[in-house]
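# Coordinate inspection notes
Read off the chains here:
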Amino acid sequence: MAELKEKLFSEFAPVSTEEWMAKITADLKGVPFEKKLVWKTGEGFNVNPFYRAEDIEGLKTTESLPGEFPYVRGTKKDNDWKVRQNIEVTCFKGANEKALDILNKGVTSLGFIIKGSDVNAENIATLLDGICPECVELNFNTCNCKAEMLIGILADYFKGKGADLEKCKGSVNYDPFKKPLVKGKENENWVEAAAAVLKAGAALPGYKVLAVNAFYFNNAGAYISQELGYALAWGNELLAKLTEAGQDATEVAKKIKFNFGISSNYFMEIAKFRAARWLWAEIVAAYNPACQCACKMHVHAQTSEWNMTVYDAHVNLLRSQTEAMSAALAGVDSITVRPFDKTYQTPDDFSERIARNQQLLLKEECHLDKVVDPSAGSYYVEVLTNSLADVAWKLFLEMEDKGGFGAEVASGEIQKAVNTSNEARKKAVATRREILLGTNQFPNFNEVAAEKIQNEAAGCCCGGGHNCGEATITALDFSRGASEFEALRLATEKSGKTPKVFMLTIGNLAMRLARSQFSSNFFACAGYKVIDNLGFDTVEAGVEAAVEAGAEIVVLCSSDDEYAELAPAAYKALAGRAEFVVAGMPACMEDLKAVGIDQYVNVKSNVLETLKAFNVKLGIA
C-alpha cells in the first residue's frame, strides 16, 4: 500500500506556472489578474494568490536550522514559550497573593507593573514572598529613574534567599524612548542612565534590562513592516550609543529584550518574527561580538490593543487567539494575551482566566509547543519572510541615514509616520476595507455599552513621583481602530434617542433580501433600531408601514433595474416624512438625483462618515 501511495502522483503530469496562469486568466474573463487577485498590502509589497517552489529558490531562509545563526527558524531547538500574565501592583501583599494563585493556574512568567515611588526593598520582599526566582520568569516595569535601584534590590533579595543568580531569569524594562514616543517629552542624557542600568544588570546575568518596546508602534496602528523596521533601528541605537560610550557590544546585545505586538494579520505576523530574528542577528554580527549567542533576539510578544473593541467585546477573544497562535508558531520566548475586556474596564478574574487559558489551549490541546517553526518551507511564509525583511531593512537603513532612531524620535518623524498609518488604517475601517467584526460589520443590533465603560485617568510614567516636563514633540496616537465607530454609537446611546431605520423591500427577491441585509448591518453600526421586512407589493404600502412604525429613515431595497420606477414613486409617497435612502449604486443614479434622491448606501460608501452625517440630521451629534 505504501508503495502504491508513493507512485500515486507520478501518474499525473506536473502543471507549470504558465499553465496555471493561463487557466486563471481564462477564468477571469478579461479582468486583469493584478487587479482582481493580487493583494495590495500596506506593508510596501504585494502578495500573489499562489506561490510555487520556484518562488523560494535561492532564498537563504530555507537553508537555516532552528537554533543556528541567523536564527530565522528560532533561537532554540524547541518551541516552548512562557505564559505571562501582568499584574498592576497597587497593594504589594495583594499582588503577591494573586501571583501565587496564578502560578498554580498555568502561568510561567509574571509581569509586575510598579509605580516608581513604590520601589523599595521592603515592598519588593513583600511582592516576591514565596515565589521561587529560579523557577519563574519575573519581569518588572517601573519608572526609568528607578530601574537601576530596582535591579540592585532584586539582586540583594535573590542573594538573601540563597538563589543561584545564573538561574534567575527575567527582565527590568528600562525604556529610554518611552517619554518621547508615548508622552511627547524629551529624553536627554539617556545614554548615561542606560549605561548605569547596564552596569547594575551585570549582577543579574539572566536578566534583560534594556527594552525595545516595539508594541508601542503596533498599538498605535503601525503597519507590520514599520513595527519591525523601527524595532531594529531602536535596538541598533542602544547598541551604537552604548558601545560608543565604552560598553562591550556583546554585553549590550545580551541585555536587550524586544517586546513586540501581534496584529491579526496571521501569516504576516509569523513572517515578522522570523524576519526579526534574522535581521537582528545580522545587525549584532556587524559589531563582532565575542560569541554568536549574542546575536540571538529575545522576544516577548503581546496581543494587539489597536484592534480591540468595546462593542461585541467577546470577538476580542477571536482576535487575540489567532494573534497568540501567530506568535507561538513563530517561536517567540513568551506571550501575553490581553484580556478581552481591557478596553473598557479593569480586567476581572473571568477575563484574566480566559486569557491564560487561551495560551494553555495552544499548548495542552493544540500542542503548538511540540514543533519548531512548522511554517518553514511554506512557499507563502518564506516569501512573506523575505519580503518583510526587504522592506524593514530599507526602513532601517533610512533611519540610519537620517542619524539613527534616537534622532528620528527626537524630531517626531517616526511618531508622525506611525500616526499617518493609524489614520490610513482608520480610513480603511471606515470604508470596510479593514473589518472589525461587531463594530463596522455585522454589529450586535441590540447591544448597549455605555454603562460598562469605566473611565480611568492615564497615570504619570513616573507614578506621580516627579515632574516629567511638558510635551515638546509629537507623541504616538494610541486611539484604536474602532474608536470613532464606538464614539458614534455611544453618542446614539447617550442621546436618549433610538432612531428607527425601515427597510422598504420590494421587487426582485434575491436583490431585495441582499440589500436589506447589507443596509441593516450598515445602519446598526450607529446603534439605530432596524426594522426589516419580507417585502411589499407596492411602494405606497411600504411607505405607509414605515410611517406607521415611526421610522426616521426609510431604505428602499430592490434591484438596479427596478429602481428607475420604484425609487421616484417611493420618494414621492414618503413626501419628506423621513430620510429616504436607496440601497445600491444603480446606473440610473443621475436620473434619480435629478428628482431629489441624493442619499445612497453601497459597498463603496464611507460607512463612518455616512453615519456621522445621519447623526447630525437626526439631532444626535
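Reading the values: the criteria
- Residues numbered from 1 in each chain as written.
- Predicted model: local features only at pLDDT ≥ 70, side-chain atom pairs only at ≥ 80, totals over all residues.
- Heavy atoms only, no water.
- Helix = DSSP H or I, 4+ residues; strand = E, 2+ residues; numbered from the N terminus.
- Rg over C-alpha atoms; globule rule 2.2 N^0.38 Å.
- Contact = heavy atoms within 4.5 Å.
- Areas by Shrake-Rupley, 256 points an atom, 1.4 Å probe, with all protein chains shown as cover.
- Lys, Arg positive; Asp, Glu negative; His and termini not counted.
- Charge placed at Lys NZ, Arg CZ, Asp CG, Glu CD.
- Buried < 20%, exposed > 50% of the residue type's maximum accessible area, 1.4 Å probe, protein only.
- Pairing = 2+ DSSP bridges.
- pLDDT = per-residue confidence, 0-100.
- Salt bridge = Lys/Arg side-chain N within 4 Å of Asp/Glu carboxyl O.
- Expected span 1.5 Å × (residues − 1).
- Axes fitted to C-alpha atoms, helices over the stretch in contact; angles between N-to-C directions.

With that out of the way, let us pick up the overall build of the protein. Along its length, the protein carries 23 helices and 15 strands. Against the compact-globule benchmark of 25 Å for 621 residues, the protein has a radius of gyration of 28 Å, which places it among compact chains. Principal axes of the C-alpha set define a box for the protein whose edges measure 85 × 70 × 55 Å. Put simply, of all contacts in the protein between residues at least 6 apart along the chain, 78% involve residues at least 24 apart. Just so you have it, the protein exposes about 27600 Å², and 53% of that area is on carbon and sulfur atoms. Of the side-chain charges in the protein, 67 are positive and 82 negative, and the distance between the mean point of each set is 2 Å.

Most of strand β8 (residues 256-262) is tucked away, with seven of its seven residues classed as buried. On β8, burial covers both faces: Ile256, Phe258, Phe260 and Ile262 on one face and Lys257, Asn259 and Gly261 on the other are all buried. Where strand β7 (residues 207-212) lies against β8, three bridges are found, and the strand directions are parallel. Looking at the pairing, leucine 210 lines up with isoleucine 256 of β8. Bridge count for β8 against strand β9 (residues 299-303) is five bridges, and the pairing is parallel.

So, on to the side chain of aspartate 369. Tracing the backbone shows aspartate 369 in the loop between α14 (349-364) and α15 (379-401). Taking the relative accessible area as the measure of exposure, aspartate 369 reaches 15% and is therefore buried. Once residues lying within four places of it in the same chain are set aside, the contact partners of aspartate 369 are Asn79, Asp80, Trp81 and Lys363.

This part takes up the environment of glycine 221. With respect to the secondary-structure elements, glycine 221 resides in the loop between α9 (215-219) and α10 (224-244). Using a relative accessible area of 0% as the deciding quantity, one classes glycine 221 as buried. A sequence separation of 229 residues divides glycine 221 from alanine 450, and the C-alpha atoms of the two residues are 25 Å apart. With residues near it in sequence (within four places) discarded, glycine 221 still touches Trp306, Ser421, Asn422 and Arg425.

Across the protein, pLDDT averages 95, with 96% of residues at or above 70. Note that residues 456-468 has pLDDT below 50 and, in this model, 19 contacts with residues that lie over four places away or in other chains.

Moving on, we get to the pattern of salt bridges. Close approach of charged atoms lets side chains of opposite charge pair. Under the counting rule described, the total for this entry stands at 27 salt bridges. Where lysine 402 meets glutamate 398, a salt bridge forms, and the shortest distance between an N and an O atom there is 3.2 Å. Accessibility expressed as a relative area gives 35% for glutamate 398, which makes it partly exposed. A single network of salt bridges, built from pairs that share partners, joins Arg73, Arg274, Asp373 and Glu382.

Here helix α12 (residues 266-285) contains 20 residues, and its C-alpha end-to-end distance of 30 Å stays within 8% of the 28 Å for a straight helix at 1.5 Å per residue. In terms of burial, α12 is a largely internal element, 16 of the 20 residues being buried.

Let us look at the sheet that holds β8. Taken in spatial order, the eight strands of this closed barrel run β3-β4-β5-β6-β7-β8-β9-β10, and their pairing is parallel. Shown here is a sheet whose adjacent strand axes are inclined to one another by a mean of 30°, direction ignored. Summarising the sheet, β9 and strand β10 (residues 334-336) pair through three bridges and their orientation is parallel. Bridging from a neighbouring strand, glutamine 302 pairs with threonine 336 of β10. Along the sheet face, helix α6 (residues 147-160) touches β5 (137-141), β6 (170-174) and β7 and points at about 160° away from the line of β6.

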